[in-house]
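Next come the chains, spelled out residue by residue.
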Amino acid sequence: MHDRIFRPTENRPVILNQAGSGWNPVHSTKYFHNRKVILVTRDPRDQFSELKQYKKAKDVNEFVRWYRALKERLDAIESPLLKKITFEDFIKNHDQSSNSICEHLQLNPDTPSRYEPEASARNIEKYKRLLKKEEIRIIEQELIY
């Protein structure tokens, strides 16, 4: 069914955003034929600040437990289908990261893109403006080694 819905045209691949689960990115995409998966993770401080800002998260200790469980699960996944990158690396080392992604997806790295990493750079380290010092301390102590 997925192959019929997302059929490539003119020899161009289909790229889907958030087509699988972050908890199990390889298994949750098993119904896509000839798939490749890219998993983008975030600095946990920025991730918590986003959750506070947009999802009204409140408990930093609950976030730490969730993030630790997620990280342990993702670290255990080894698959040639999966490419893991960090959002921060993608922005700060965009050309290198972009080339690595293109290689994983078997795409021509010279394919034109309108993506502007500078626009996304404002989302890096915004936790410094949004989190309380105690929240930052807890996340750094528990998750950033």
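Keep in mind that this is a model prediction, so the values were computed, not measured.

Engineer: Quick one: what's the story with helix H5 (residues 94-105), residue by residue and with numbers?
Structural biologist: When the terminal C-alpha atoms of H5 are compared, their 16 Å separation across 12 residues agrees well with the 16 Å that a helix rising 1.5 Å per residue should span. Each element contacted by the buried residues of H5 is listed here: strand S1 (37-41), strand S2 (82-86), helix H4 (87-92) and helix H6 (117-121). With its phi angle positive at about 60°, glutamine 106 sits one or two positions after the end of H5.

Engineer: Please set out the nonpolar core residue by residue, giving values where relevant.
Structural biologist: Formed by Phe48, Val60, Phe63, Val64, Tyr67, Tyr127, Leu131, Ile136, Ile138, Ile139 and Leu143, the largest nonpolar core amounts to 11 residues. Secondary structure elements with two or more residues in this core: helix H3 (60-75) and helix H8 (133-143). Judged by nonpolar contacts, the second largest core, of 7 residues, contains Val37, Leu39, Leu70 and Leu74.

Engineer: A description of the packing of helix H2 (residues 44-55) against H8 should follow, citing residues and the corresponding values.
Structural biologist: Where H2 meets H8, the closest approach of the two axes is 10 Å, and the angle between their N-to-C directions is 135°. Accordingly, the angle class assigned to the pair H2 and H8 is oblique. As H2 packs across H8, the resulting crossing turns out to be right-handed. Contacts between H2 and H8 involve Pro44, Arg45, Phe48 and Lys52 from the former and Glu135, Ile136, Ile139, Glu140 and Leu143 from the latter.

Engineer: Could you give an account of the side chain of serine 97, with specific residues and numbers?
Structural biologist: By the element assignment, serine 97 lies in helix H5. Since its relative accessible area comes to 6%, serine 97 is described here as buried. Of the polar contacts made by the side chain of serine 97, one reaches the backbone oxygen of aspartate 89; its length is 3.3 Å. In contact with serine 97, other than residues within four places in its own chain, are Asp89 and Phe90.

Engineer: Give a description of the packing of aromatic side chains that names residues and reports values.
Structural biologist: Tallied over the entire structure, the rule returns 6 aromatic pairs. Ring centres 6.3 Å apart and planes at 70° place the aromatic pair tryptophan 23 and tryptophan 66 in the edge-to-face group. Here tryptophan 23, found in the loop between helix H1 (2-5) and S1, pairs with tryptophan 66, found in helix H3; they are 43 residues apart in sequence, far enough to count as distant. Residue classification places tryptophan 66 among the partly exposed residues on the basis of a relative accessible area of 31%. Taking the centre distance of 5.8 Å and the plane angle of 40° together, the rings of phenylalanine 63 and tryptophan 66 count as tilted. Linking phenylalanine 63 with tryptophan 66, this pair stays in helix H3, spanning 3 residues, or about one helical turn. Judged by relative accessible area, which is 5%, phenylalanine 63 ranks as buried. The ring of phenylalanine 87 carries arginine 42 above its face, with NZ or CZ at 4.5 Å from the centroid.

Basis of the calculations
- Along each chain, the written sequence defines residue order, and numbers are assigned to residues from 1.
- A pLDDT threshold of at least 70 governs which residues receive local features in this predicted model, and a stricter bar of 80 or more applies before side-chain atom pairs are shown or counted, although totals over entire chains, interfaces and linings include all residues.
- For the side-chain quantities, the full set of heavy atoms in the structure was used; hydrogens and water were omitted.
- Put simply, DSSP marks the helices as runs of H or I at least four residues long and the strands as runs of E at least two long, and each gets a number from the N terminus on.
- By this rule, a helix spans an expected 1.5 Å times one less than how many residues it contains.
- Contacts: residue pairs with any heavy atoms within 4.5 Å of one another.
- Here the nonpolar core consists of buried residues drawn from Ala, Val, Leu, Ile, Met, Phe, Trp, Tyr and Cys, with membership extended through side-chain atoms lying within 4.5 Å.
- Burial status follows relative accessibility: with a 1.4 Å probe on protein chains alone, a residue under 20% of its type maximum counts as buried, one over 50% as exposed, and anything between as partly exposed.
- To get an axis, a line is fitted to the C-alpha atoms, and for a helix only the part in contact is used. The angle between two axes follows their N-to-C directions and goes from 0 to 180 degrees.
- Should an angle fall under 35 degrees it is taken as roughly parallel, and over 145 as roughly antiparallel, whereas 65 to 115 is taken as roughly perpendicular and any remaining angle as oblique.
- Left-handed is the label given to a crossing in which the near helix is rotated counterclockwise from the far helix by less than a right angle, and right-handed is the label when the rotation is clockwise.
- Nitrogen and oxygen atoms within 3.5 Å of one another constitute a polar contact, given that in protein one can donate a hydrogen and the other can accept it, and given that sequence-neighbouring residues count only through two side-chain atoms.
- Two aromatic rings, drawn from Phe, Tyr or Trp (for Trp, its six-membered ring), form a pair once their centres lie within 6.5 Å of each other, and the interplanar angle then sorts them: stacked below 30 degrees, edge-to-face above 60, tilted otherwise.
- Only when the NZ atom of a Lys or the CZ atom of an Arg is both within 6 Å of the ring centre and within 35 degrees of the ring normal do we say a charge sits over the ring.

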